[in-house]
Amino acid sequence: GAVVSQHPSRVICKSGTSVKIECRSLDFQATTMFWYRQFPKQSLMLMATSNEGSKATYEQGVEKDKFLINHASLTLSTLTVTSAHPEDSSFYICSANGGGSRTNEKLFFGSGTQLSVL
Amino acid sequence: DAKTTQPNSMESNEEEPVHLPCNHSTISGTDYIHWYRQLPSQGPEYVIHGLTSNVNNRMASLAIAEDRKSSTLILHRATLRDAAVYYCILRDGRGGANSKLTFGKGITLSVRP
């Protein structure tokens, strides 16, 4: 079945550094990917919608200059957390529409990236 | 986004059926009903989805009310590995691949051995 690979699974960084998270669709092309983050004991919060070859669409309250999204190919989207601070520590999750452009498709999720900023 | 309402939690016994309810009284005609589940420290996993008719797959069944204002996810025989947070989500059929999944709080299912 379709698989979304997310890397790294865990990252620890110093405050002020940037961290890049990769999300790959392994056996299908994903024109659209979604990025979520999740704080402990809370639900997933959508950050942005990433479209191949165009600028990402960010949800209200999400700083586009802080969370840089690049979707340069049909199988890869990246999220870069720039100048990370401790409050950016969270579980980041990507997802992709299952190989089609219709809404009647399931989403496949990566296994998530736990970011800890010291 | 149309919203869903789920109980906070539910307990079940291993090897017994589980019925997880979801209310979505403001659902529109183009909304698909999706269910995902999430185990601790993992990304969500697709369970099932439907529009109007009941759906079955190897994981579960989805029973959709005739007026579509509620649905029930049925796990036919719960196992310990089914313990997770289950999310009932409406996805707008008009948005194509860009249509978002907006997660609510979900229902936490506990399975007793």
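Procedures and definitions
Residues numbered from 1 in each chain as written. Chains lettered and ligands numbered in written order. Predicted model: local features only at pLDDT ≥ 70, side-chain atom pairs only at ≥ 80, totals over all residues. Heavy atoms only, no water. Helix = DSSP H or I, 4+ residues; strand = E, 2+ residues; numbered from the N terminus. Rg over C-alpha atoms; globule rule 2.2 N^0.38 Å. Buried < 20%, exposed > 50% of the residue type's maximum accessible area, 1.4 Å probe, protein only. Contact = heavy atoms within 4.5 Å. Areas by Shrake-Rupley, 256 points an atom, 1.4 Å probe, with all protein chains shown as cover. Lys, Arg positive; Asp, Glu negative; His and termini not counted. Charge placed at Lys NZ, Arg CZ, Asp CG, Glu CD. Phe/Tyr/Trp six-rings, centres within 6.5 Å; stacked < 30°, edge-to-face > 60°. Salt bridge = Lys/Arg side-chain N within 4 Å of Asp/Glu carboxyl O. Core = buried A, V, L, I, M, F, W, Y, C linked by side-chain atoms within 4.5 Å. Pairing = 2+ DSSP bridges. Disulfide = S-S within 2.5 Å.

Caption draft 1: Focus on the overall build of chain A. For chain A, the helix and strand inventory stands at zero helices and 11 strands. Taken against the 2.2 N^0.38 rule, which gives 13 Å for 118 residues, the C-alpha radius of gyration of chain A at 14 Å falls within 12% of a compact globule. C-alpha extents for chain A along the principal axes are approximately 40 × 25 × 25 Å. For chain A, buried positions account for 51% of its 118 residues. Partitioning the intrachain contacts of chain A with sequence separation of at least 6 by distance along the chain shows that 53% fall at a separation of at least 24. Of the roughly 5700 Å² that chain A leaves accessible, carbon and sulfur atoms contribute 49%. In chain A, 11 side chains carry a positive charge and 9 a negative one; their mean positions are 4 Å apart.

Caption draft 2: Here's a closer look at the packing of aromatic side chains. By the definition in use, this model includes nine aromatic pairs over all chains. With 6.0 Å between their ring centres and 40° between their planes, Tyr36 of chain A and Phe109 of chain A make a pair best called tilted. Here the residue Tyr36 of chain A occupies a position in strand E4 (residues 32–38), and Phe109 of chain A occupies one in strand E10 (residues 107–109), the gap between them amounting to 73 residues. In this structure Phe109 of chain A comes out as buried when scored by relative accessible area, which is 10%. Geometrically, the ring pair formed by Phe109 of chain A and Tyr36 of chain B is edge-to-face, given 5.5 Å between the ring centres and 75° between the ring planes. Residue Phe109 of chain A is found in strand E10, and its partner Tyr36 of chain B is found in strand E3 (residues 31–38); the two belong to separate chains.

Caption draft 3: Representation of the pattern of salt bridges. Residue and element names in this part refer to chain B. Per the counting criterion, the structure on display carries eight salt bridges over all chains. Put simply, Glu45 and Arg37 hold a salt bridge, and the shortest N to O gap is 2.9 Å. Looking at Glu45, the relative accessible area reads 33%, which means it is partly exposed. Assessed through its relative accessible area of 11%, Arg37 is described here as buried. Here Asp82 ties to Arg37 by a salt bridge, and the two come within 2.8 Å at their closest N and O atoms. One end of the pair, Asp82, is in the loop between strand E7 (70–75) and strand E8 (84–92); the other, Arg37, is in strand E3, with 45 residues separating them in the sequence. Put simply, Arg37, Glu45 and Asp82 are held in one network by salt bridges that share partners.

Caption draft 4: Region of the structure containing the nonpolar core. Counting 25 residues, the largest nonpolar core has Val4, Trp35, Phe67, Leu79, Tyr92 and Leu115 of chain A as its most contacted members. Broken down by secondary-structure element, the contributors of at least two residues to this core are strand E2 (10–13), strand E3 (19–25), E4, strand E5 (45–51), strand E7 (67–73), strand E8 (76–81), strand E9 (90–97) and strand E11 (113–117) of chain A. Residues contacting Leu115 of chain A, with those up to four places away along its chain left out, are Val11, Cys13, Val19, Val81, Asp88, Ser89, Ser90 and Tyr92 of chain A. Listed in part, the 21 residues of the second largest apolar core include Ile33, Ile48, Tyr86 and Cys88 of chain B.

Caption draft 5: Spatial organisation of the pairing of E8 of chain A. Residue and element names in this part refer to chain A. For E8, the tally of buried residues reaches six of six residues, placing the bulk of the element in the interior. Side chains Leu76, Thr78 and Thr80 project from E8 onto one buried face, and the interleaved Ser77, Leu79 and Val81 project onto a second face that is buried too. For E3 and E8, the ladder comprises six bridges, and the chain directions are antiparallel. Opposite Ile21, over in E8, you have Leu79 as the bridge partner. Bridging between E7 and E8 involves five bridges; their strand directions are antiparallel. Across the sheet, Ser73 pairs through a bridge with Leu76, a residue of E8. Between E7 and E8, which follow one another and run antiparallel, lie two residues.

Caption draft 6: Region of the structure containing the state of the cysteines. Residue and element names in this part refer to chain A. Counted according to the given criterion, the structure contains two disulfides over all chains. Note on cysteine connectivity: Cys23 is disulfide-linked to Cys94, with sulfurs 2.0 Å apart. Of note, the bridge from Cys23 to Cys94 carries an S-S torsion of about 80° and is right-handed in sense. A residue pair is termed long-range when its members are at least 10 positions apart, and Cys23 in strand E3 and Cys94 in strand E9 qualify at 71 residues. Overall, Cys23 belongs to the buried group, its relative accessible area being 0%.

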